[in-house]
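Letter by letter, the chains look like this.
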Amino acid sequence: MDNTSLVILPVEKVREMIEIAVSGCFDKVLAALQPRQESESVDIEGALEFLNSNGYRIAKGQLYKETSAGNIPYHKFGHRLHFKISELREWAETRLVNGNSVGYYCNGKFNKRR
């Protein structure tokens, strides 16, 4: 004989169990579809990605140059640079003149206008 037991449940209880299971699946799917929250702190690669994807074209070397000159806000964690997205956005917006960035990106380099 088989050691399985037969369990009889009322239809309402089965519906409730199915609703709970389906609801949990929908919650997971909806959570996966929500846009990811922007991390407030990013490393150098994240800063480059943020700036370039938002129309503030800058090369990696120029970003390092701006940080070492103290022109761009950054924080150090050990030997690594970290940037706050809000500070990067504010810095980039101060470099706009009539909706255009001060400087241009050409031949892989960011050059200041004379």
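Residues numbered from 1 in each chain as written. Predicted model: local features only at pLDDT ≥ 70, side-chain atom pairs only at ≥ 80, totals over all residues. Heavy atoms only, no water.

1. Section: the sheet that holds strand 1 (residues 41-42)
Here we have three strands laid out as an open sheet, ordered 1-3-2, and antiparallel in their pairing. Edge positions in the open sheet fall to strand 1 and strand 2 (75-77), since each of these has one partner strand only. In this sheet, strand 3 (residues 80-84) lies alongside strand 1 in antiparallel orientation, the contact comprising two bridges. Note on strand 3: the bridge partner recorded for Ser-41 is Lys-84. (Pairing = 2+ DSSP bridges. Helix = DSSP H or I, 4+ residues; strand = E, 2+ residues; numbered from the N terminus.)

2. With respect to the environment of Ile-72
Looking at the secondary structure, you find Ile-72 in the loop between helix 3 (60-68) and strand 2. Distance in space between the C-alpha atoms of Ile-72 and Phe-83 is 9.1 Å, their sequence separation being eleven residues. Apart from the residues within four sequence positions on either side, Ile-72 is in contact with Leu-63, Glu-66, Thr-67, Leu-88 and Trp-91. (Contact = heavy atoms within 4.5 Å.)

3. Topic: the nonpolar core
By size, the foremost hydrophobic cluster in this structure holds 16 residues, and its most contacted members are Leu-51, Leu-63, Phe-83 and Leu-88. Every element with two or more residues in this core is listed here: helix 2 (44-53), strand 3 and helix 4 (85-94). Discounting chain neighbours no more than four positions away, the residues touching Leu-51 are Tyr-56, Arg-57, Ile-58, Leu-63, Leu-88, Trp-91 and Ala-92. (Core = buried A, V, L, I, M, F, W, Y, C linked by side-chain atoms within 4.5 Å. Buried < 20%, exposed > 50% of the residue type's maximum accessible area, 1.4 Å probe, protein only.)

4. A short note on the side chain of Thr-67
Summarising the element assignment, Thr-67 is placed in helix 3. Here the side chain of Thr-67 touches Tyr-64 through a polar contact of 2.7 Å, landing on its backbone oxygen. (Polar contact = N/O pair within 3.5 Å; in protein donor to acceptor, adjacent residues only side chain to side chain.)

5. Side note on helix 2
Listed as buried for helix 2 are Ile-44, Gly-46, Ala-47, Leu-48, Phe-50 and Leu-51. Next to the buried residues of helix 2 lie strand 1, helix 3, strand 3 and helix 4. You can read the cap of helix 2 off the contacts: a side-chain oxygen lies 3.3 Å from the backbone nitrogen of Glu-45, and it is on Asp-43. Following helix 2 by one or two positions, Gly-55 has its phi on the positive side, about 90°.

6. Some points on the packing of helix 2 against helix 3
The axes of two packed helices give the description: the angle between them and the distance between them. Look at helix 2 against helix 3: their axes get within 11 Å of each other, and the N-to-C directions meet at 110°. Comparing the axis directions of helix 2 and helix 3 gives the class roughly perpendicular. Where helix 2 approaches helix 3, its residues Ile-44, Glu-45, Ala-47, Leu-48 and Leu-51 are matched on the opposing element by Lys-60, Leu-63 and Tyr-64. Within the contact of helix 2 with helix 3, the residues separate by chemical class into six nonpolar, no polar and two charged. (Axes fitted to C-alpha atoms, helices over the stretch in contact; angles between N-to-C directions. Parallel < 35°, antiparallel > 145°, perpendicular 65-115°, else oblique. Nonpolar A, V, L, I, M, F, W, Y, C, P; charged D, E, K, R; others polar.)

7. Section: a nonpolar patch on the surface
A cluster of nonpolar residues, Val-7, Leu-9, Val-14, Met-17, Ile-18, Val-22, Phe-26, Val-29, Leu-30 and Leu-33, forms a patch on the protein surface that exposes about 940 Å² of accessible area. As for its placement among the helices and strands, Phe-26 is situated in helix 1 (residues 11-33). (Patch = residues over 30% accessible without salt bridge, like charges linked within 9 Å, V, L, I, M, F, W, Y side chains within 5 Å. Areas by Shrake-Rupley, 256 points an atom, 1.4 Å probe, with all protein chains shown as cover. Salt bridge = Lys/Arg side-chain N within 4 Å of Asp/Glu carboxyl O.)

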